[in-house]
Every structure is written in C-alpha cells, then in structure tokens.
Amino acid sequence: MNAKPRVPLDRKRVADAALDLLDTVGLDGLTLSAIGRELGVKAPALYWHFKDKQELLDEMATQMYRRMVAGTPLDPADTWRERLLKANHGLRDALRRHRDGARVFSGSRFTGDDHVAAMEDTLRLFTAAGFTLPQAVRATSTSYLYTLGFVIEEQGVQPMPDERREGFDVAERARRMADFPLAAAAGAEIFADYDRHFAEGLDVVLDGIAARYGIP
C-alpha cells in the first residue's frame with residue numbers, strides 16, 4: 001500500500017494548526033515544538049516559515065482577521081456608529097473563539113494587506129460623516145482598543161465562553177468583602193454578565209466620540 005503523501009507545510013497551515021492548539025494549551029503553552037508535534041514535523045522545520053514566535057503570532061492574528069471578515073461585506077448604508085458597533089462586536093466574537101485570542105491579537109502585525117480595503121472604506125465613511133481624518137483614526141482606534149482590552153480582561157476570568165477560572169466566584173468575593181459593601185457589590189459588575197457590560201461600555205465610548213467631535 002502506498003503511503004499517503006504528506007501535505008506540504010506553508011504559513012497558513014502552520015498558523016491554522018497553532019490556532020487549533022491554542023484552544024487546548026493557551027498562549028503560554030504554545031511552543032514551536034508543540035505545534036511541530038501536531039503537524040508531525042520537528043520544530044526546526046517551522047523556522048523555514050517563521051523566524052520566531054512573534055512572527056507566528058502575527059500570522060495567527062492575520063488568520064483570525066480573515067476568518068472574522070469572511071463572507072461579511074461592509075454595508076455602505078452604515079452610519080459611523082453602526083459601523084463601529086458591528087466591527088467591535090464582530091471583533092469581540094472573533095477573539096473569544098480562541099483561548100487567549102485577545103492576547104494573540106494584541107500587538108500583532110498583520111502579514112498581508114487584507115485589512116486595508118475595509119480600513120479605507122471605514123475612513124471614507126467617517127470623513128463623509130464630518131470627521132477629519134485624524135478624528136476618524138482616533139475614533140476607530142479608541143473603540144478597537146476598548147474591545148481588545150475588554151476581552152483580555154474577560155478572558156482572564158473566562159478563558160473560553162463556557163469556562164471560568166478558579167478564584168472568580170462573585171458570591172465568595174462578596175462574603176470576603178462584607179465590611180466593604182460597595183466594593184463587594186461591584187463584583188457582579190466586574191466579573192459577570194460580560195455581554196451586557198461590553199455592550200454598555202461600547203455605547204459609552206461611542207457617546208464620548210459623538211460628544212467630543214460634535215457628530216451625532
């Protein structure tokens with residue numbers, strides 16, 4: 001019987017395998033050796049495609065972005081606020097699909113130009129709505145950073161949507177802080193109901209953008 005031919009490695013295949021493994025081991029456990037074992041190769045074979053782990057993380061973030069935008073064309077009828085709501089809710093959903101997804105995305109540099117067309121379209125929409133280019137950049141980047149920071153903290157408590165780290169029991173926290181009733185009650189606002197808190201916080205950011213630049 002002929003052996004099944006080995007599928008050749010490329011950057012996409014390595015990044016896809018790394019994203020699959022990430023869900024099991026998390027970012028701290030994601031090593032080139034572990035990825036190599038998943039692919040049936042020795043770690044040095046991966047250095048033909050990535051010079052170091054950061055370069056691999058850049059490709060992983062790029063693949064996450066490609067999956068996020070696949071099949072979801074931008075709506076030319078969006079208002080600037082609708083565009084930011086859609087973009088940031090979509091970003092949060094994409095980051096939460098992977099353990100430590102927000103940490104992978106944070107500080108990474110896209111390896112292709114897939115994002116440029118969407119960026120151009122969004123900046124054109126904002127400037128048509130009355131924003132200057134610097135204001136449009138500030139508005140879009142501020143909402144993006146809010147989402148990224150929110151999910152980093154969210155995944156510190158809930159690494160995956162159906163999983164909760166030990167030590168984040170809101171009721172136990174309240175009992176320990178019984179002498180500080182406001183701090184105790186704040187636990188439910190910090191460590192629970194992340195969907196509602198994210199949506200409310202994003203609205204606060206967008207209201208601030210509208211007030212700052214006087215654009216409804």
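- As recorded by an unreviewed UniProt entry, the protein carries the name TetR/AcrR family transcriptional regulator and is attributed to Actinacidiphila epipremni.

Regarding the confidence of the model for the protein
- Taken as a whole, the protein shows an average pLDDT of 92; of its residues, 97% reach a score of 70 or greater.
- Here residues 1-5 is modelled with pLDDT under 50, and outside its nearest four sequence neighbours on either side it reaches 0 contacts, counting other chains as well.

Examining the nonpolar core
- If you look at the biggest cluster of nonpolar residues, it comprises 32 residues, and the most contacted ones within it are Ile35, Leu56, Met60, Leu95 and Phe105.
- Only α1 (11-25), α2 (32-39), α3 (43-46), α4 (53-69), α5 (80-96), α6 (101-105) and α8 (133-157) provide two or more residues apiece to this core.
- For Met60, the contacting residues outside a window of four places in its chain are Ala15, Ala18, Leu19, Leu22, Leu30 and Val104.

Points about the packing of aromatic side chains
- Evaluated as defined, the whole model comprises 11 aromatic pairs.
- Seen from their ring centres, Tyr65 and Phe110 are 5.0 Å apart, and the 40° between their planes marks the pair as tilted. Residue Tyr65 is found in helix α4, and its partner Phe110 is found in the loop between α6 and α7 (116-128); the two are separated by 45 residues along the sequence.
- Ring plane angle 55° and centroid distance 5.3 Å describe the contact between Phe168 and Phe191, whose orientation is recorded as tilted. One end of the pair, Phe168, is in the loop between α8 and α9 (170-176); the other, Phe191, is in the loop between α10 (181-190) and α11 (194-213), with 23 residues separating them in the sequence.
- Among the residues examined, Phe168 registers a relative accessible area of 21% and is labelled partly exposed.
- Put simply, the rings of Trp80, Phe126, Phe131 and Tyr213 touch in pairs and so form one group of aromatic residues.

Rules and cut-offs
- Residues numbered from 1 in each chain as written.
- Predicted model: local features only at pLDDT ≥ 70, side-chain atom pairs only at ≥ 80, totals over all residues.
- Heavy atoms only, no water.
- pLDDT = per-residue confidence, 0-100.
- Contact = heavy atoms within 4.5 Å.
- Core = buried A, V, L, I, M, F, W, Y, C linked by side-chain atoms within 4.5 Å.
- Buried < 20%, exposed > 50% of the residue type's maximum accessible area, 1.4 Å probe, protein only.
- Helix = DSSP H or I, 4+ residues; strand = E, 2+ residues; numbered from the N terminus.
- Phe/Tyr/Trp six-rings, centres within 6.5 Å; stacked < 30°, edge-to-face > 60°.

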